[in-house]
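Letter by letter, the chains look like this.
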Amino acid sequence: KGKESLIQAVFEKWDLPCAQIGEVTADGKLEFYMHGALEAEIPAYELVLGGGAPQYERSYKEPAYFEKINQFSPESIPVPEELKTVAKALLALPSIASKKFVFQQYDSMVGTANVSTNAPSDSSIVHIKGTNKGLAVTVDCNSRYVYADPYKGAQIAVSEAARNIVCSGGKPLGVTNCLNFGNPYDPEVYYQFVHAIKGMGDACRKFDTPVTGGNVSFYNQHPEGAVYPTPTIGMVGLLEDIQSFMTLDFKNEGDLIFLIGQSRNDIGSSEYVHKIKEIEFSPAPYFDLDEEFHLQEIIAKLISEKAVESVHDLSEGGLITALFEASFNRNLGFEVAQEQKAIRSDAYWFGESQSRVLVSVKPEKIDVFKKILKVFAFEQLGIVTSGVISVESENWGSVADWKTIYDEAIGSMMLKTS
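It should be emphasised that the depicted structure is a prediction, and the values quoted were computed from it without experimental measurement.

J.: Account for the layout of surface pockets, naming residues and giving values.
T.: If a probe the size of a water molecule is rolled over the atoms, the empty space left behind becomes visible. Of the pockets and cavities examined, the second largest pocket occupies roughly 460 Å³. Lining the second largest pocket are 20 residues, with Val-166, Gly-170, Lys-171, Pro-172 and Ala-300 positioned closest to its centre. Within the residue set of the lining of the second largest pocket, elements represented by two or more residues are strand E5 (171-180), helix H7 (187-207), strand E9 (230-239) and helix H9 (289-304). For the lining of the second largest pocket, the element with the highest residue contribution is H9, accounting for six residues.

J.: I'd like to hear about the nonpolar core, residue by residue, with values.
T.: Residues Ile-320, Leu-323, Trp-349 and Leu-358 are the most contacted members of the largest nonpolar core, which totals 40 residues. Broken down by element, the residue count for this core peaks at seven residues, all from helix H10 (residues 318-328). Core analysis: the second largest hydrophobic core is formed by 30 residues, Ala-154, Phe-181, Phe-193 and Cys-204 among them.

J.: Break down the environment of Ile-257 for me, with residues and values.
T.: Looking at where Ile-257 falls in the secondary structure, it is placed in strand E10 (residues 256-260). For the pair formed by Ile-257 and Ser-360, sequence separation is 103 residues and the distance between their alpha carbons is 4.5 Å.

J.: Any details on the packing of helix H6 (residues 150-167) against H9? Residues and values, ideally.
T.: Contact geometry for H6 and H9: axes closest at 9 Å, N-to-C directions at 10 degrees. It follows from the interaxial angle that H6 and H9 lie roughly parallel. For the pair H6 and H9, contact is made by Gln-155, Ser-159, Ala-162, Arg-163, Val-166 and Cys-167 and by Leu-289, Glu-292, Leu-295, Gln-296, Ile-299, Ala-300 and Ile-303, respectively.

J.: So what's going on with the pattern of salt bridges? Residues and values would help.
T.: Throughout the structure, instances matching the rule amount to 16 salt bridges. Notably, a salt bridge pairs Asp-407 with Lys-100, separated by 3.8 Å at the nearest N-O pair. A residue pair is termed long-range when its members are at least 10 positions apart, and Asp-407 in helix H13 (residues 399-417) and Lys-100 in helix H4 (residues 100-103) qualify at 307 residues. Judged by relative accessible area, which is 18%, Asp-407 ranks as buried. With a closest N to O distance of 2.8 Å, Asp-407 and Lys-403 form a salt bridge. Of the two residues, Asp-407 and Lys-403 both sit in helix H13, four residues apart, roughly one turn of that helix. Looking at Lys-403, the relative accessible area reads 24%, which means it is partly exposed. Through salt bridges with shared partners, one network takes in Lys-29, Glu-31 and Glu-41.

J.: Can you explain the packing of H9 against helix H12 (residues 366-373)? Please cite residues and give values.
T.: In contact at an axis separation of 10 Å, H9 and H12 are set at 150 degrees when each is read in the N-to-C sense. Overall, the two elements H9 and H12 adopt an arrangement that is roughly antiparallel. The element H9 and its partner H12 pack so that their crossing is right-handed. Where H9 approaches H12, its residues Ile-298, Lys-301 and Leu-302 are matched on the opposing element by Phe-369, Ile-372 and Leu-373. Residue classes in the contact of H9 with H12 are distributed as five nonpolar, no polar and one charged.

Calculation rules
Residues numbered from 1 in each chain as written. Predicted model: local features only at pLDDT ≥ 70, side-chain atom pairs only at ≥ 80, totals over all residues. Heavy atoms only, no water. 1 Å grid on protein atoms, 1.4 Å probe; cavity = no way out; pocket = protein on both sides within 12 Å on 5 of 7 lines; lining within 4 Å. Points joined across faces, edges and corners; volume = space filled by probe spheres on them. Helix = DSSP H or I, 4+ residues; strand = E, 2+ residues; numbered from the N terminus. Core = buried A, V, L, I, M, F, W, Y, C linked by side-chain atoms within 4.5 Å. Buried < 20%, exposed > 50% of the residue type's maximum accessible area, 1.4 Å probe, protein only. Axes fitted to C-alpha atoms, helices over the stretch in contact; angles between N-to-C directions. Parallel < 35°, antiparallel > 145°, perpendicular 65-115°, else oblique. Contact = heavy atoms within 4.5 Å. Salt bridge = Lys/Arg side-chain N within 4 Å of Asp/Glu carboxyl O. Left-handed = near helix turned anticlockwise from the far one by under 90°. Nonpolar A, V, L, I, M, F, W, Y, C, P; charged D, E, K, R; others polar.

Right, dumping it as structure tokens:
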């Protein structure tokens, strides 16, 4: 009350209609008027859960396809001899390749508040005009993870959103969602829904990110079955100082490249397994909520202490994809090698086990960097180069050639299908 003129000014600015339709009362009653006459009246309590609103308990059961997932054996997949060939195929996948073909058809400068237009980061940053603050915004969900394990997959969706906010220098604040599932009368679909909600709830409580709104969309299916369960998470975070904004791109030749977090012998539900090896059923990747929370605390401290030059989380495509994405903006390359030989090479470079972040560090900041990490797992991968790509001592050519693959993949596919 008393702020009406401020609201009206916003609507007038955007040429939208607005009108007062009522007011909040303290008597617990909903009263509906038409032309000044009271037409209906009902206690508010009767319209909410606990009052008289219907509550449903549908039956659900574990999906039959879980049996196929449990039968998956990594040993059945030969370790590729040509890592370079797999890397090229991964970078060209629509889920990984640059989305420039789509977003360049839209005015990315609308509102002129974007901070990260020319500096890639794990979340989009919007400057709050008139302040030193910024908003970090991201939307995340890997529906294949949720399909493989609804509870863990939904936790990962929330956690990756929070990780993207943190890797950009922000603090996660809240969540909205768009929950897309098949027919809820199908007990196996409803199982996916129930366990995804539980996973999302547990992760949101862990990161203290309340769900402020959202929607549920059921019956998303066709004669062959339901869509992958897709609890999409939209998360917003706050940068108290816009100067703390962190980007994902390598900055200087000679900077050291580190992987923070534990690499694991895990290729489950990866783009590599699903798209390159064409295996539909495999487990969700490794994930531990407490480990993820601790990782994000470490990353936030590294950024606040200015101990890192770039920060980029690992997601689709694994480590090799993150390395290329960090290289493209400034046309810098990398020279890297696998330190943990006990892990199969495809799991190391293409696996998608969670809670891992790629960073680059100036040589003079190494002591500060290691002091913050203390006992948390990390390993040095190599160094940033002037543009040459070297993996396991093999020359993979220039970053410019790889950037062409990444940038043009989706446009080329669209031209072929048009």
